[in-house]
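# Chain and residue survey
Letter by letter, the chains look like this.
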Amino acid sequence: MARACHERGIRTVAVTAGYVCPEPRAEFYAHMDAANVDLKAFSERFYHKICAGELAPVLDTLRYIYHETNTWLEITTLLIPNENDSDAELHALTEWIVTNLGPDVPLHFTAFHPDWKMRDHPPTPPETLRRARAIALKNGLRYVYTGNILDPEGQSTYCPACGGLRDRARGLPEHGRWHLDAEGRCPRLRDADPRRVPGRAGRLGLAPDAGPDRSGPMKLAGTTRERRPAVAGTFYPSDPGELAAAVDALIAQAAPPEHLEPAALVVPHAGYVYSGPIAATAYALLRTRPPSRVALFGPAHFVPLRGCAVSTAPAWRTPLGSVPIDPELRERAVAAGALAEEGPHVPEHSLEVQVPFLQRIVGAGLRICPVAVGVARAGQVADVMAAVLPQALLVVSTDLSHYLDDATAKRLDRRTAEAVCSRDPDAIGLEDACGVYALRGLVELARREDLRVHLLDLRTSADTAGDPRRVVGYAAFALTAPT
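Right, let's walk through the structure included here. Predicted, not measured: the structure shown is a model, and the values here were computed from it.

## What to know about the environment of Ala 270
Among the structural elements, Ala 270 can be located in the loop between strand E8 (264–267) and helix H8 (272–283). Judged by relative accessible area, which is 11%, Ala 270 ranks as buried. For Ala 270 and Thr 398, which are 128 residues apart along the polypeptide, the C-alpha to C-alpha distance reads 8.9 Å. If sequence neighbours within four positions are ignored, Ala 270 has contacts with Phe 235, Ser 275, Asp 399 and Tyr 474.

Right under this line is the structure:
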């Protein structure tokens, strides 16, 4: 059905409870343009008592849709009096969304009406929905709505930067002025808003190009300003001296094989306290012959993307200074099929966290070409990589398994590492690495070019600073030219 719809230009939307096993989930969401997931509550008690189910699989599906697919995601929670509407539960629910999915996933609180089942419960008071919305906004969510009641404020969209009205729900009276330019962007966020409204102001939901573009990457605006760091102070120190000392210490403690001269590296991208030692194992190989030109490839965790997108900024800034973008590498990537788009890079950490390592190793002569990789065939990504490989070192940024216990993660990550070393991109599953599309592309390139793959390090967050009950896997690889 979904394939037939796409053949006729019809978008597909899933309205779902999110309770699905991993295998059919991957196949199903590969064909969905958007999904509205009912997060029915944020307690196992509610799921067991009311739904005869469990909360954890639903949370896993939410993480999967947001981080591993190109499907537009929104969440709806039906608030039932005295069942799932306490302040404590609302705080826990909204804080989880911000932490695990980010602040930009739309959340809808809707009112319960006892018209069929649970008729012993009263209807949800409008004030409960407004209270829930206030809690969500206070906790950092930017797009929070109320439903099943008349509430113009709670059913309109506001710019998180200036507070200006972006869109009102259809059928509601006019109650504000649009704060959008002719291209559907807030003037204060022209270079930085990953949720640009398609179409002119007042036409949200009616524009013919609304929704994710399944035929190619989203057409997001470029920028003439340097990219500013998104995760300084969280993933790594924001103080220049502290950052330089932290990176230098990580590299000094690394002990990679001395004889390797890599054409490409694979490194993780978590906070330095977790994955820094593993990344340093790879970067330490560059000390003897620092590359001046580096092409970075990594996932777009926050902005839906198909294919590859190169940064359009003239430079990327970190606390250690500004690094110019290499215009020739960017042109080569675009000629090979990448799109020039800044949007996927603005909130992204996967490539940003690599830049301080390169700054400390290479110094002032460093030039980079950041490439965000969305849903794409391995050959498509390999084509872009091949276009820049003769002139630059390739760095692929990816973590491995997510949120498993330590023993399970290490078993699955070892299997993934074997697939990389055997140059078998088809053996790398969608849930084996968050940067799966970039990783598959590099492995396909290694197969084509007969590059040798060397496993340098393979650990989990439990080996560095994390809880062994719930870990993330990290690996470092070096790829070298055939001897």
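## Structural notes on the pairing of strand E15 (residues 393–397)
Looking along a regular strand, one sees side chains alternate from face to face of the sheet. Burial within E15 is extensive, with five of its five residues counted as buried. Burial along E15 is two-sided: Leu 393, Val 395 and Ser 397 and Leu 394 and Val 396, pointing in opposite directions, are all buried. Looking at chain direction, E8 and E15 are connected through four bridges and run parallel. The residue of E15 that forms the bridge with Leu 265 is Val 395.

## Some details on the sheet that holds strand E3 (residues 72–79)
Strand pairing in a sheet takes place through backbone hydrogen bonds and is either antiparallel or parallel in direction. If you walk across this open sheet you meet the five strands as E1-E2-E3-E4-E5, and the pairing is parallel. Bordering the open sheet on either side are strand E1 (13–16) and strand E5 (144–147), each of which pairs with just one other strand. The sheet shows a mean angle of 20° between the axes of neighbouring strands, taken without regard to direction. Pairing geometry for strand E2 (residues 34–38) and E3, over five bridges, is parallel. By the bridge assignment for E3, Asn 36 is matched with Glu 74. In this fold helix H4 (residues 56–68) packs onto E2 and E3, with an angle of close to 160° to the strand it touches most, E2.

Quick notes on the rules
Residues numbered from 1 in each chain as written. Predicted model: local features only at pLDDT ≥ 70, side-chain atom pairs only at ≥ 80, totals over all residues. Heavy atoms only, no water. Helix = DSSP H or I, 4+ residues; strand = E, 2+ residues; numbered from the N terminus. Buried < 20%, exposed > 50% of the residue type's maximum accessible area, 1.4 Å probe, protein only. Contact = heavy atoms within 4.5 Å. Pairing = 2+ DSSP bridges. Axes fitted to C-alpha atoms, helices over the stretch in contact; angles between N-to-C directions.

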